[in-house]
Amino acid sequence: MSKRILRREPGVLPAALSDLPLFLQRVLAARGIKTRADLDLQLNRMLDASSLLGLPKALGLLEQALREQQRILIVGDFDADGATSTALAVLALQAMGASDVRYLVPNRFEYGYGLTPEIVDLAAQQSPWLIVTVDNGISSVEGVQRAHDYGIKVLITDHHLPGEVTPAADAIVNPNQRGCGFAGKSLAGVGVIFYLLCALRSRLRDSQWFAQMGLSEPNMSDYLDLVALGTVADLVPLDHNNRILVEQGLRRIRAHRCRSGISAILAIAGRANENVNASDLGFAVGPRLNAAGRLTDMSLGIECLLAQNMGQATHLAGELDRLNQERRQIEDEMKADAQQHLERLHLKAEAADWGVCLFEPHWHQGVIGILASRIKDKLHRPVIVFAPESDDPAQAQTQLKGSARSIPGLHMRDTLDLVAKRHPGLLHKFGGHAMAAGMSLPASHYPDFARAFDQAVRDLLSEQALVASLQTDGELTASELTLESAEQLAQYGPWGQQFPEPSFDGVFNLVQHRVLKGRHLKLVLGLPGTQNLVDAIQFNSDWVESSPPRKIRMVYRPAINEYRGRRTLQLLVDYLEPA
């Protein structure tokens, strides 16, 4: 698919950045950096927790549970954010003196997402005094009521957008709940529970709890490795506050001051702690952790994060890696099925859906989110992929689960809300964010939903929005295409959602090319007007070798390639076309 290449407009370059190289000034200005303070990622620059709505009630519940030594049950989600949130809550509460902290993660194939009445029934068998949700719960109206029927108190910590009705929990901490004045609306679930537990640590310190109990006061920064991993893996926007959390977590991982489980997953993925960056968390650690929740039970991932030694962590990381390989195989098979759907779409391109829905009865519900993302990237259209909600053949065709991915300009959760209001009863339930959402519906409703979703997308998007584009930071001159430039760019990370990794575009002479195992395209490029050569690589390339062009236009990211102790510049290719 041919793409438009658009250049970010940095505007007026701030005087505060004038001592930096010009290309770096452009990059930072285009991302809203105006002062040196915007680049300060020290912990003392974190937002204060006091404006979190519901914080006093939440702290009161937790302190009471600690003082009375009540049983606390953490109910998490089955993704990386949920796993890191759960591990952080268990470890920090134990360090603060909780004698009985347990966790429960719903199996996505049996109980679905969130604090459902069914998961509360299961939780009640352990007789907790307090249930603490992490990364879920803001939509769990029936689940909270069921917990109260059992006499169990509920503290919800979440970051997802609330629905029209809020659960009647004993306390709710969610920066996105109505009336919350906390400025950090982009916190991941792990960021929310981190903030709450930091405030609890301060409250317990002020009340002399640690001294009375003979406990060493926990250093909350020791948990930032988990916060960084969950924040990056959940693809939340990296605003200034989240960049602080991620950067501080990365520093601890690089210094080997992190969970054994994180080091073990990095090692099995071929990444060195000392060189880890946000991209490694997102593309190496996160997928392996998520594989447990996608295919079996996220308890495996949580146990890896809770592992007390490298031997145990390495064993569990190996299991996660095996599951991730299995997930890739399932994904490849589903992509082949989806390709047949897409070919049918292309036969009638002028009538192709604007909002694309895909479904096969044998698809795996744990992988539909990844497939939706892949197809969205291929078509540059909002995509929802469905699979049977149950593995039981007798029930497989009764209820479907969908995973949605959007494109810029379309808020996915709001679009689903529009469909639900236009067609009451069509959707069973839904929730999510601007770019991703989940839902369930009766299988018999699928054809009507697909038509309604397509119509909603047509009403909300312009035709121009369906043309894929790539934003770049302009061109780099020959003198700027250096290893030093790549090192400077890395220094000003972490990069991620809404603080995108710098990319550039330019025309190069194609000197050499070859396709490596795994369809990776290795290039040697010449810089026009110079004798300089530079290496480049495009992963999972669709390159066709016949009649290669002499010149190519590329969108790329400067990176550092380390091989046998030697560091060289390498361009990571995001897109290329004949020039």
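Residues numbered from 1 in each chain as written. Predicted model: local features only at pLDDT ≥ 70, side-chain atom pairs only at ≥ 80, totals over all residues. Heavy atoms only, no water.

Caption draft 1: Examining the nonpolar core more closely. Membership of the largest hydrophobic core comes to 137 residues, with the highest contact counts inside it found for Ile74, Leu88, Leu155, Leu523 and Met554. Per-element accounting of this core gives the leading share, eleven residues, to helix α6 (residues 189-206). Setting aside chain neighbours within four positions, we find Met554 in contact with Phe504, Asp505, Gly506, Phe508, Leu523, Leu525, Leu571, Val573, Tyr575 and Leu576. With 27 residues, the next largest nonpolar core counts Trp354, Phe386, Ala450 and Ala452 among its residues. (Core = buried A, V, L, I, M, F, W, Y, C linked by side-chain atoms within 4.5 Å. Buried < 20%, exposed > 50% of the residue type's maximum accessible area, 1.4 Å probe, protein only. Helix = DSSP H or I, 4+ residues; strand = E, 2+ residues; numbered from the N terminus. Contact = heavy atoms within 4.5 Å.)

Caption draft 2: Expanded view of the packing of helix α15 (residues 412-422) against helix α16 (residues 446-460). Two numbers describe how α15 lies on α16: the axes approach to 10 Å, and their chain directions differ by 120 degrees. By the criterion of interaxial angle, the relationship of α15 to α16 is oblique. Of the two possible hands of crossing, α15 and α16 adopt the one that is right-handed. Residues Met412, Thr415, Leu416, Leu418, Val419 and Arg422 of α15 pack against Phe449, Ala452, Phe453, Gln455, Ala456, Val457, Asp459 and Leu460 of α16. Here the contact of α15 with α16 is composed, by residue class, of ten nonpolar, two polar and two charged. (Axes fitted to C-alpha atoms, helices over the stretch in contact; angles between N-to-C directions. Parallel < 35°, antiparallel > 145°, perpendicular 65-115°, else oblique. Left-handed = near helix turned anticlockwise from the far one by under 90°. Nonpolar A, V, L, I, M, F, W, Y, C, P; charged D, E, K, R; others polar.)

Caption draft 3: Layout of the sheet that holds strand β17 (residues 566-578). Pairing within the closed barrel is mixed, and its five strands lie in the order β13-β14-β15-β17-β16. Mean inter-strand twist for the sheet, computed between neighbouring axes without regard to direction, equals 45 degrees. Relative to β17, strand β15 (residues 533-538) is paired through three bridges, and the arrangement is parallel. Note on β17: the bridge partner recorded for Ala536 is Leu571. (Pairing = 2+ DSSP bridges.)

Caption draft 4: Representation of helix α17 (residues 483-491) in the model. The complete set of buried residues in α17 reads Ser485, Ala486, Gln488 and Leu489. Projected down its long axis, α17 shows its buried positions confined to an angular sector of 160 degrees, all on one face. Turned more than 90 degrees from where α17 packs its buried face, Glu484, Ala490 and Gln491 sit exposed. Structurally, α17 contributes buried residues whose contacts are with α1 (22-30), β13 (504-516), β16 (551-563) and β17. (Arc of directions from axis to C-beta.)

Caption draft 5: Representation of the sheet that holds strand β9 (residues 399-405). Ordered in space as β7-β8-β9-β11-β10, the five strands form an open sheet in which the pairing is mixed. Of all strands in the sheet, those with a lone pairing partner are β7 (356-359) and β10 (429-432), marking the two edges. Averaged over all pairs of adjacent strands, the angle between their axes in this sheet comes to 20 degrees, without regard to strand direction. Of the strands in this sheet, β7, β8 (383-388) and β9 touch helix α14 (residues 368-379), which is tilted by about 45 degrees from β9.

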